[in-house]
Amino acid sequence: MRKVILLLILITPIFLFSQKSISPIYTISGKVLDAETKKPLEYATIIFKDSDSIQIKCGAITNSKGNFTIDVKEGNYYATVEFLSYKSKQLNISTISRDLNVGVIFLELDTEFLNEIEVISEKKAIDFKSNKMVFNVDRDLSAAGSTATQILNNIPSVNVDSDGAVTLRGQSDVTVMINGRTSSMTKAEALKALPAGSIEKVEVLTNPGAKYKATATGIINIILKKGKDEGLNASITVSGGFKDYYGGLLTLNHKSKYVNFFTNTSYYSSNPILTSTSKNEYFNNGVTSAFLNEKSEFSSKNKGFVTTIGADYYLTKKTTLTTTLNYSNLNKNSFSITDSEFLNANQQVTASNKRNYTSEFPNEIMEFIVNFEHDFKKEGRELTASFSFMKDTETENNAINNSNSNFTDEIYEQKNALENTIFDISYINPIGDSFLYTIGYEGEFGKIPFIYKGTAIHNDLDYSENIHSTFIDFEYEANKFYFTAGLRGEFQESSIDYLSLNVIQHKNQNNLFPSGSIDYTINDANSIGVSYRTGIQRIAPEVLQPYEEKISETSSYIGNEKINPVDIYMASFYYNFSGEKISVSPNLFFNRYKSWWENVTYETGEQINGINKLITKPYNVGKVDYYGLNLTATYKVNNYLNFNGNILLVNFDQSGIFETVNDANQTITKNYNHKNLIGAVGLLTQVKIPNIFDFQINAKHQLASNALYFNRKAYTYASAAINKDIFNKDASISLSVDDLFKSKTTNRDRFDTNYFSNSIIENKYSTIILSFTYRFNQTKKDRKIDFDKKETKPNY
């Protein structure tokens, strides 16, 4: 009997505990919309409190579509929905005893709240979403005096080289957009002139849907600032720095009930200087035959005026018409000096030369855009249309003078005048609560003439390209699953008019590009997904360039108008974890490029002072498999210390054989079957010292690259910024330094059977900029909302 009583004593607590732990938990779901615009409210908070103690038991936030799901234990609750600057709303539920969809919840704007307080959005520097990463520029301390290219360099997995070329996950087939559209402001020269202070955020998409062009295999979408508050608000930034750097930025916005006027206008001047040294050794049947040593300094005096002027016209509560004018006037005056020494096999100087190169490059860009948007009575149904016209005129006047009379002096002019017109229309229609489809059309009509005036052999040509595109995108969201499937058709008509030959070549190409993705939300903190997409890389102006561009007396570049597009196939798997302090997003990806573009360097057969001249020209060579891991993580230690890190590891697997006959009737064969591990590591550290200043440092390390015909050594560089709010936070002063330790150095070896070349290119000076910003009606004070807080943990 005592044993039985003892057994009951032992098992009774276990039994009671197990009974307590299996209390049912139910799923509550719904959707939160703006009562006036009927648009989804992302990051609205749903809170369940104990009906007796008013203690918070659990909570969740809405996603980008305004939807939410929350697991709630059976019981009695007081439930509310809250969102910044909106009136709180109590849910008409008190007892949870089953799964429940509360339907659509409409929140009304709290105008009294807006009149009484100002808001600081304490957003994360980096925000992970299912199909994109968002970089909030206002959290980057270097934004005040820097440009778009410098800000892009601070974004994980994005890199910008000294020429302004942007890469995403190490690949150059990236499309840069402004406000969701391809724009004249996204070319390399314009991005160097676009002030970072005019940018609100940058979205990075590695799996764009069917509504995007097939060439947009990776997208960097720059969202410019546009005031949302009624009345007048503005800011003025003035900047000055080392080596002739100065500039200013005006952002101005005035919003009324019927019109929202906005402008971002800037002027800048800069003078970056690069230095280069190269040592070259040449062979004949494996025996050294000659040497060439060169030292160069490249100085570029840049001035630019960039402005965006536009207005939103609120025709009705559901219809908006937006007109925008983008104008850029960029002037780049370059000057370089190259000292060359030609040596024989015994390293005795046989000839020398001082080469002076000057270039005047005025570039005027004008773009006009009209956007139309209409929301129907049915929630989520939307019609959008847009029209844009862009004219980009480039005129480059060049002069080359040599001290050695054996080399040819040249004076020549290159002129390109690109005109491009785009019209698109799309219709979004939801079916029920979970399904919607988008259909649309886009027409792009462009032409660019290549005109050359000079002594070199050349072919003037006009290139025109018309692309008609249609697409359909499906989206389905059910419980924790989110599916997308799309199909895009592009029908290209292109022609090349060889003006001097009176010959026109036509080429038509029709393609279908499927895409799709599946995302599964495990819980509020964890999600996984897979995606697949096909795309294409079409001919770009630099690939077409029909005349020889001299890099030096022994090396040149020329385009290839006969090159074919690259077919692209992309797949990826991702996992996102977003906690209160730590967020981690690893991404495994695989890209295949068929008919890969390879810049092939080979000997022309011409000799200059006993040295074989080299030409670089793009060709289609085999295929490339590009696959690896991209890992991005953030760690918020506390309110004063944040870390954002990125690791990129990629295997570049190429296969193909190149063969041609050069001008000396010699057969050139190059083997491109090889694998190469490349990658980069980055860490952005932000430190906030209350009431004193904020500080950040961004360090990046590029891994070495070892290919069949070149090696690039590893290098590490850093940028830093410090910021201080003054005048009761109406103004800020910031100091930023790019290439802090002057270590952003490209050390590259190029080699083949008959030559070995080492070149080192680096900045002569670090870029140091001091900026002052004053805000009118944009005060950074009074109330903070922490958008980092993803959920309220259950407190059962």
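Residues numbered from 1 in each chain as written. Predicted model: local features only at pLDDT ≥ 70, side-chain atom pairs only at ≥ 80, totals over all residues. Heavy atoms only, no water.

Secondary structure summary: the protein contains five helices and 50 strands in total. On C-alpha atoms alone, the protein measures out to a radius of gyration of 30 Å, which is about the 28 Å that the 2.2 N^0.38 rule sets for 796 residues. By its C-alpha atoms, the protein is 110 × 75 × 55 Å across when sized along the principal axes. Within the span of the protein, comprising 796 residues, buried residues form 48% of the whole. In the protein, 64% of the contacts between residues at least 6 apart in sequence involve partners at least 24 apart. As displayed, the protein has an accessible area near 38000 Å², and 56% of this comes from carbon and sulfur atoms. (Helix = DSSP H or I, 4+ residues; strand = E, 2+ residues; numbered from the N terminus. Rg over C-alpha atoms; globule rule 2.2 N^0.38 Å. Buried < 20%, exposed > 50% of the residue type's maximum accessible area, 1.4 Å probe, protein only. Contact = heavy atoms within 4.5 Å. Areas by Shrake-Rupley, 256 points an atom, 1.4 Å probe, with all protein chains shown as cover.)

Let us look at the pattern of salt bridges. Taken as a whole and judged by the stated rule, the model has 18 salt bridges. A salt bridge links Glu-410 to Lys-550; the nearest nitrogen and oxygen atoms lie 3.1 Å apart. With a gap of 140 residues between them, Glu-410 in strand E25 (residues 410-431) and Lys-550 in strand E31 (residues 549-552) connect regions that are remote in the sequence. A relative accessible area of 10% means that Glu-410 is categorised as buried. (Salt bridge = Lys/Arg side-chain N within 4 Å of Asp/Glu carboxyl O.)

On to unusual backbone geometry, then. In this structure, Asn-728 takes a positive phi of about 60° despite not being glycine. Here Asn-728 shows up in the loop between strand E45 (715-726) and strand E46 (731-738).

Quick look at the packing of aromatic side chains now. Evaluated as defined, the whole model comprises 25 aromatic pairs. Seen in terms of ring centroids, Phe-589 and Tyr-626 are 6.2 Å apart; in terms of plane orientation they differ by 35°. Their pairing is tilted. With Phe-589 in strand E34 (residues 582-594) and Tyr-626 in strand E37 (residues 623-638), the pair connects residues that are 37 residues apart, well separated along the chain. For Tyr-626, a relative accessible area of 1% gives the class buried. On the basis of an interplanar angle of 70° and a centroid distance of 5.6 Å, the ring pair of Trp-596 and Phe-652 is categorised as edge-to-face. Residue Trp-596 is found in the loop between E34 and strand E35 (597-608), and its partner Phe-652 is found in strand E38 (residues 641-655); the two are separated by 56 residues along the sequence. Its relative accessible area of 12% is what places Phe-652 among the buried residues. Members of the aromatic cluster, each reached through a chain of ring pairs, are Phe-589, Tyr-593, Trp-596, Tyr-626 and Phe-652. Above the plane of the ring of Tyr-709 lies Lys-670, whose end atom (NZ or CZ) is 4.1 Å from the centre. (Phe/Tyr/Trp six-rings, centres within 6.5 Å; stacked < 30°, edge-to-face > 60°. Lys NZ or Arg CZ within 6 Å of the ring centre and 35° of its normal.)

One open sheet accounts for five strands, arranged E10-E11-E15-E16-E14; its pairing is mixed. Whereas interior strands pair on both sides, the edge strands pair on one side only; in this sheet they are strand E10 (126-129) and strand E14 (175-178). Taken pair by pair, the neighbouring strands of this sheet meet at an average axis angle of 20°, ignoring direction. Across four bridges, the pairing between strand E11 (residues 132-136) and strand E15 (residues 199-205) is antiparallel. Bridged to Asn-136 within E15 is Lys-201. (Pairing = 2+ DSSP bridges. Axes fitted to C-alpha atoms, helices over the stretch in contact; angles between N-to-C directions.)

Moving on, we get to the pairing of strand E23 (residues 349-375). Pairing between strand E22 (residues 319-344) and E23: 25 bridges, direction antiparallel. When the bridges of E23 are listed, Thr-320 appears paired with Glu-373. Remark: four residues form the turn of the hairpin made by E22 and E23, two consecutive strands paired antiparallel; Gln-347 in that turn has positive phi of roughly 60°. Pairing geometry for E23 and strand E24 (residues 382-402), over 19 bridges, is antiparallel. Counted as the bridge partner of Asn-356 is Asn-401 from E24. Between E23 and E24, which pair antiparallel one after the other, the connecting turn spans six residues, and Gly-380 there sits at a positive phi close to 90°.

Further remarks concern the pairing of E31. Where E31 lies against strand E32 (residues 555-557), three bridges are found, and the strand directions are antiparallel. Following the sheet pairing, Ser-552 is matched in E32 by Ser-555. Here E31 folds back onto E32 in antiparallel fashion, the turn holding two residues.

With that settled, consider the environment of Ala-188. By the element assignment, Ala-188 lies in helix H4 (residues 188-193). It is 9.9 Å that separates the C-alpha atoms of Ala-188 and Ala-148, two residues lying 40 residues apart in sequence.

Further remarks concern the environment of Tyr-569. Topologically, Tyr-569 is positioned in strand E33 (residues 566-578). The partly exposed category is assigned to Tyr-569, whose relative accessible area is 31%. Through-space distance from the C-alpha of Tyr-569 to that of Glu-542 is 24 Å; in sequence the pair is 27 residues apart. When residues no more than four places from it in sequence are discounted, the contact partners of Tyr-569 are Tyr-532, Arg-533, Thr-534, Phe-590, Asn-591, Arg-592 and Lys-594.

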